[in-house]
Amino acid sequence: MLIDRVRADLQEATKKRELVAMGALRMLISALEYLEKSGEKVDLAGELAVVKLEVKKRREAIEAYEKAGRAERVEIERAEMEVVKK
């Protein structure tokens, strides 16, 4: 399952102390665990839908931060989005 891969990636990011990756992966794990607990059948398509939703959230946050002129947050959100896409 995808969640197992994400947990392994989180473990690697923790060892390397990659803070942005750790944060993004923790949020992704939380979203995937929520899917599991919702009672719906969990398959690859459902997991990929969760990943797409997380990427969409990052894109929307980037747009909002750009409008607000917060360049530092834009870079963080872009980095998190790249982690989630992997």
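Keep in mind that this is a model prediction, so the values were computed, not measured.

Description of the side chain of Glu 54
Okay, step 1: Structurally, the position occupied by Glu 54 is in helix α3 (residues 44-68).
Okay, step 2: Engagement of the side chain of Glu 54 in a polar contact is seen with the side chain of Lys 57, the distance being 3.2 Å.
Okay, step 3: When residues no more than four places from it in sequence are discounted, the contact partners of Glu 54 are Leu 28, Ala 31 and Val 84.

Things to note about the packing of helix α1 (residues 2-16) against helix α2 (residues 19-37)
Okay, step 1: Where α1 contacts α2, the two axes come as close as 9 Å, and the packing angle between them is 155°. Between α1 and α2, the interaxial angle falls into the category roughly antiparallel. Crossing of α1 against α2: the hand is left-handed. Contact with α1, carried on its side by Ile 3, Val 6, Arg 7, Asp 9, Leu 10, Ala 13 and Thr 14, involves Ala 21, Met 22, Leu 25, Arg 26, Leu 28, Ile 29, Leu 32, Glu 33 and Glu 36 of α2 and no other residues of that element.

Structural notes on the pattern of salt bridges
Okay, step 1: Summed over the entire model, instances satisfying the criterion amount to 12 salt bridges.
Okay, step 2: Linking Arg 58 and Glu 80 is a salt bridge whose minimum nitrogen-to-oxygen distance equals 3.1 Å. A residue pair is termed long-range when its members are at least 10 positions apart, and Arg 58 in helix α3 and Glu 80 in helix α4 (residues 71-85) qualify at 22 residues.
Okay, step 3: For Arg 58, a relative accessible area of 4% puts it in the buried group.
Okay, step 4: When its relative accessible area of 9% is taken as the criterion, Glu 80 is described as buried.
Okay, step 5: With a closest N to O distance of 3.9 Å, Lys 85 and Glu 82 form a salt bridge. Highlighted residues: Lys 85 and Glu 82, both in helix α4, separated by 3 residues, approximately one helical turn.
Okay, step 6: Assessed through its relative accessible area of 44%, Lys 85 is described here as partly exposed.
Okay, step 7: For Glu 82, a relative accessible area of 46% puts it in the partly exposed group.
Okay, step 8: Within this structure, Glu 54, Lys 57, Arg 58, Arg 73, Glu 77 and Glu 80 form a network of salt bridges that share partners.

Quick notes on the rules
- Residues numbered from 1 in each chain as written.
- Predicted model: local features only at pLDDT ≥ 70, side-chain atom pairs only at ≥ 80, totals over all residues.
- Heavy atoms only, no water.
- Helix = DSSP H or I, 4+ residues; strand = E, 2+ residues; numbered from the N terminus.
- Polar contact = N/O pair within 3.5 Å; in protein donor to acceptor, adjacent residues only side chain to side chain.
- Contact = heavy atoms within 4.5 Å.
- Axes fitted to C-alpha atoms, helices over the stretch in contact; angles between N-to-C directions.
- Parallel < 35°, antiparallel > 145°, perpendicular 65-115°, else oblique.
- Left-handed = near helix turned anticlockwise from the far one by under 90°.
- Salt bridge = Lys/Arg side-chain N within 4 Å of Asp/Glu carboxyl O.
- Buried < 20%, exposed > 50% of the residue type's maximum accessible area, 1.4 Å probe, protein only.

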